[in-house]
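# Remarks on the overall topology
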Amino acid sequence: MGVVQICKGEYFWLEPKNAFENFQEPNIGLIALAFLQGSFAYGGWNFLNYVTEELVDPYKNLPRAIFISIPLVTFVYVFANVAYVTAMSPQELLASNAVAVTFGEKLLGVMAWIMPISVALSTFGGVNGSLFTSSRLFFAGAREGHLPSVLAMIHVKRCTPIPALLFTCISTLLMLVTSDMYTLINYVGFINYLFYGVTIAGQIVLRWKKPDIPRPIKINLLFPIIYLLFWAFLLIFSLLSEPVVCGTGLAIMLTGVPVYFLGVYWQHKPKCFNNFIELLTLVSQKMCVVVYPEVEGGSGTEELNEDTEEQRQPIYQPTACKDKDSEQPQP
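Let me sum up the structure you'll find in this document. In this text, all values refer to a predicted model and were calculated from it rather than measured experimentally.

## A look at the overall build of the protein chain
- Within the protein chain, the secondary structure is distributed over 16 helices and two strands.
- Counting every atom, the protein chain has about 21,600 Å² of accessible surface; 68% of that belongs to carbon and sulfur.

## Re the pattern of salt bridges
- Within this structure, the stated rule accounts for two salt bridges.
- Taking the shortest distance from any N to any O, the salt bridge between Lys-106 and Glu-92 comes out at 3.2 Å. On the criterion of sequence distance, the pair formed by Lys-106 in helix 7 (residues 99-107) and Glu-92 in helix 6 (residues 90-95) is long-range, its members being 14 residues apart.

## Brief notes about the packing of aromatic side chains
- Scanning the entire structure with this criterion turns up 10 aromatic pairs.
- Consider the rings of Phe-75 and Phe-79, whose centres lie 4.7 Å apart with planes at 40°: the pair is tilted. Here Phe-75 pairs with Phe-79, and both are found in helix 5 (residues 58-87), just four residues apart, close to one helical turn.
- Taken together, the aromatic side chains of Phe-35, Phe-230, Phe-233 and Phe-237 make up a single cluster linked through ring pairs.

## Describing the nonpolar core
- In this structure, Leu-36, Phe-190, Tyr-193, Tyr-227, Trp-231 and Leu-235 are the most contacted members of the largest nonpolar core, which totals 13 residues.
- Mapped onto this core, the elements with two or more residues apiece are helix 3 (28-39), helix 10 (181-209) and helix 11 (222-241).
- Aside from chain neighbours lying at most four places away, what touches Tyr-227 is Trp-45, Tyr-193, Tyr-196 and Ile-200.
- In this structure, Leu-147, Val-150, Met-153 and Val-290 belong to the second largest nonpolar core, which totals nine residues.

## Concerning the side chain of Thr-86
- Mapped onto the secondary structure, Thr-86 falls in helix 5.
- Looking at Thr-86, its side chain comes within polar contact range of the main-chain oxygen of Ala-83, at 2.4 Å.
- For Thr-86, the residues in contact, after removing those within four places along its chain, are Gly-2, Gln-5, Ile-6, Glu-10, Leu-14 and Phe-103.

## Some points on unusual backbone geometry
- Although it is not a glycine, Asp-57 adopts a positive phi angle of roughly 50°.
- On the accessibility criterion, Asp-57 (37% relative accessible area) is partly exposed.
- In this structure, Val-289 takes a positive phi of about 55° despite not being glycine.
- Considering the arrangement of structural elements, one finds Val-289 in the loop between helix 14 (271-288) and strand 2 (290-291).
- Accessibility expressed as a relative area gives 35% for Val-289, which makes it partly exposed.

## Focus on the side chain of Lys-269
- Structurally, the position occupied by Lys-269 is in the loop between helix 13 (256-265) and helix 14.
- Buried charge without a salt bridge: Lys-269, with Glu-278 as the nearest opposite-charge side chain at an N-O distance of 14 Å.
- In terms of polar contacts, Lys-269 uses its side chain to reach the backbone carbonyl oxygen of Trp-266, at 2.5 Å.

What counts and what doesn't
Residues numbered from 1 in each chain as written. Predicted model: local features only at pLDDT ≥ 70, side-chain atom pairs only at ≥ 80, totals over all residues. Heavy atoms only, no water. Helix = DSSP H or I, 4+ residues; strand = E, 2+ residues; numbered from the N terminus. Areas by Shrake-Rupley, 256 points an atom, 1.4 Å probe, with all protein chains shown as cover. Salt bridge = Lys/Arg side-chain N within 4 Å of Asp/Glu carboxyl O. Phe/Tyr/Trp six-rings, centres within 6.5 Å; stacked < 30°, edge-to-face > 60°. Core = buried A, V, L, I, M, F, W, Y, C linked by side-chain atoms within 4.5 Å. Buried < 20%, exposed > 50% of the residue type's maximum accessible area, 1.4 Å probe, protein only. Contact = heavy atoms within 4.5 Å. Polar contact = N/O pair within 3.5 Å; in protein donor to acceptor, adjacent residues only side chain to side chain. Lys, Arg positive; Asp, Glu negative; His and termini not counted.

This is the structure:
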């Protein structure tokens, strides 16, 4: 539709003298927020890293997936926006709550219903990817002993982390207490980029302090350094532009500190606490039909390895027998 519009001469807002016209005073804080909100659409590159355990040959397929998907998504998004401005002015773009739907109403006539259906299908695709990957964060955290051990369990037949998926659902519903989507994107985007930057800075530190450890996927240090510079610009000016929103995001993140001290750092918990966690684990096992994953190379009845047991100790210290049979839900 965009190509048809351009061929018809509808490219007024694509001409440089019009495309770069300022409609409000330039503000570096607003530019940072624009990057923060716009980058939300490209967040899939990071989610791929959460499921490396489930990829076939991840050392080849993970970089390949990122190298293919990011240029493809960028191409589609840029040309979709080129199409939008052939039918809508920048003011109309900003005023619309659903730009693709408004675009369809202007050009498709009686077939305008195609656009909201397409947007809904795209949304389902995005949610599917987020559910598939985000739940693995809780799964891995529980496996490391940073969350209740029930979140590290998988379904006995489907091998999916059902408790982690349910926990993801509950945390998602809590996020929906705000009806302002842009505020929610600012919350999530600010926290995400804070962690992205810390993670990448950690990679640079490890490259310096431990240069000889195995690195199956290795890139030039120039790329993370460029990213960190962009990251600093994004977070600093976003914080200056929207201190309340970004401050709230930081406060949400810091709620994890007392949870860490109560659940992980505090090792000698009272018996009543351990009994409650044990009861919660057993009930969750029966309701979700889940067990701990079988140790790789095991026969299904051997004991969990010592590392797994030690990782689980901070959250849950069972006193009963620790063999695999005792961990399965009772019939």
